[in-house]
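Overview (structure and organization)
Given next are the chains, with one letter for each unit.
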Amino acid sequence: MAKLEKKKLFNPNGDTDVLQWKMIGGNTTNLNDFNNMKYSWASDWYRQAMNNFWIPEEINLSQDVKDYPNLDEDERNAYNKIISFLVFLDSIQTANLPRIAEYITVSEINLCLSIQTFQECIHSQSYSYMLDSICSAEERNKILYQWKSDEHLLRRNQFIGNLYNEFQENQDAKTFLKVLMANYILEGVYFYSGFAFFYNLARNGKMPGSAQEIRYINRDENTHLWLFRNMIKELQKENPELFTRTMIEELKSMMQEGVRQEIAWGKYVIGNKIKGLNEDMISDYINYLGNLRWMGLGFNSYDSQYENEPESMSWVSQYSNANMVKTDFFEARSTAYAKSTALIDDL
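Every residue gets a number counted from 1 within its own chain, in the order that chain's sequence is written. Only residues with pLDDT of 70 or above have their local features reported here, since the model is predicted, and side-chain atom pairs are shown and tallied only from 80 upward, although totals for entire chains, interfaces and linings are computed over all residues. Just so you know, side-chain values use all the structure's heavy atoms and leave hydrogens and water out.

Observations concerning the nonpolar core
This is how it is decided: As used in this record, nonpolar core signifies buried Ala, Val, Leu, Ile, Met, Phe, Trp, Tyr and Cys residues forming a set joined through side-chain atoms within 4.5 Å. Under the scheme applied here, a residue whose accessible area is under 20% of the maximum for its type counts as buried, over 50% as exposed, and between as partly exposed, the area being computed with a 1.4 Å probe on protein chains only. Under the scheme used here, helices are H or I runs from DSSP no shorter than 4 residues and strands are E runs no shorter than 2 residues, and both carry numbers assigned from the N terminus. We call two residues in contact whenever any of their non-hydrogen atoms come within 4.5 Å of each other.
Counting 112 residues, the largest nonpolar core has Y79, L113, F176, M181 and M231 as the members making the most contacts within it. Considering each element in turn, this core owes the most residues, 13 residues, to helix α3 (residues 73-101). Residue contacts for L113: discarding those within four places in its chain leaves L97, I100, A101, I104, L227, F228 and M231.

If you want it as structure tokens, here you go:
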């Protein structure tokens, strides 16, 4: 398959006719023209994301400072390992998104990816702020780099990391599609047992500030999920030849592997050791999310028993709600979004 070419940065001969624009392989001027955009959904996303601006230090962690030493050992170990995993994911996203943008030849999508990159920086900052608030600098560094010493966590990171590296080494349309799918899996599946853990702590009256940080992050991740869903669907419209039966099966296998790894991770860090959560709850929830994400791309359900949200995890959507903001961005309206200074901690 032919290698994709990086877009030229200065290109006075680029197409100015919006009808000629393409996500990949186009001839872009790189001009940010807010009055002429090919994808109306990208314009809507951009304005939504701009309105989601928040600063980690705005959230009060004073109660978390008191709660953290009193967590039981399993809760504290899970907290530390999940933070280590999440900060790695957001850090690798910060590095990966600009690499994807080098090959996208529609400016409004690159505007969206630039905002997402900034938000991933904020998320990484949030995790550092949480750790700086509750533990010593030495403990913080041990937690941040647990993924290098914990074999399970290292294997966990390798799946997405290797897919990202594959696109670094071979930039053709197929690997481009796969890296979009890897991002979709990361944003739509990989975070969620970790998010549920923090919300579960909050409903048990522990670490309320951490849960609120996660709420804002969760809200952003849902918009990122929506962005990559639309990018994949637009690519399918413009390059239907990429979506062969074999390729679709490979994408489905990627989703199912992401689900399998998230469940295995949830069992490892949460298992049956945390009050309010257990392995069956995590398994049912992640299987449901994976199937939901797959159907979100326009494909049929791959597992009929996971088409409805498990009742045992219905509380997650309540606890992930930063300020009555719909957690499913696909259904959200712009009026539902507000700057974080207007958000209220409802714990």
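Details of the environment of R47
Structurally, R47 can be placed in helix α1 (residues 40-50). For the pair R47 and K142, spaced 95 residues apart in the sequence, the C-alpha separation amounts to 38 Å.

Some thoughts on helix α11 (residues 245-269)
Put simply, the rule reads: In this analysis, the expected span of each helix is defined as 1.5 Å times one less than the number of residues it contains.
If you check α11, its first and last C-alpha atoms are 36 Å apart, about what 25 residues at 1.5 Å a residue would give, namely 36 Å. Backbone geometry just downstream of α11 places G271 in the positive-phi region, at approximately 55°.

Examining α1
Within α1, burial applies to W41, A42, S43, W45, Y46, Q48 and A49. The elements touched by buried residues of α1 are α4 (107-134) and α10 (208-238).

Remarks on the pattern of salt bridges
The following threshold applies: Salt bridges are counted wherever a side-chain nitrogen of Lys or Arg sits within 4 Å of a carboxyl oxygen of Asp or Glu.
Applying the stated criterion to the full structure yields 14 salt bridges. As a salt-bridge pair, E102 and R99 come within 2.4 Å of each other at their nearest N and O atoms. Judged by relative accessible area, E102 falls into the partly exposed class, the value being 25%. By relative accessible area, R99 is classed as buried at 19%. Note that E262 and R156 form a salt bridge whose closest N and O atoms lie 1.9 Å from each other. With E262 in helix α11 and R156 in helix α7 (residues 151-169), the pair connects residues that are 106 residues apart, well separated along the chain. With a relative accessible area of 0%, E262 lands in the buried category. Residue classification places R156 among the buried residues on the basis of a relative accessible area of 2%. Each of E166, K174, K178 and E250 takes part in a single network of salt bridges with overlapping partners.

Some remarks on the packing of α11 against helix α12 (residues 279-296)
What counts, and what does not: Orientation is described by lines fitted to C-alpha atoms, with helices fitted over the stretch in contact, and by angles between N-to-C directions that extend from 0 to 180 degrees. Orientation categories follow fixed angle ranges, with anything under 35 degrees roughly parallel, anything over 145 roughly antiparallel, 65 to 115 roughly perpendicular, and all other angles oblique. For a crossing to be left-handed, the near helix must be turned anticlockwise from the far one by less than a right angle; the clockwise case is right-handed.
In the contact formed by α11 and α12, the axes pass within 9 Å of each other and the chain directions differ by 160°. As summarised for this structure, α11 and α12 are arranged roughly antiparallel, according to the angle between their axes. For the pair α11 and α12, the crossing hand works out as right-handed. Contacts from I248, L251, K252, M255, V259, E262, I263, G266 and K267 in α11 reach E279, I282, S283, I286, N287, G290, R293 and W294 in α12.

Such coordinate-based values are descriptive only and should not be taken to indicate function.
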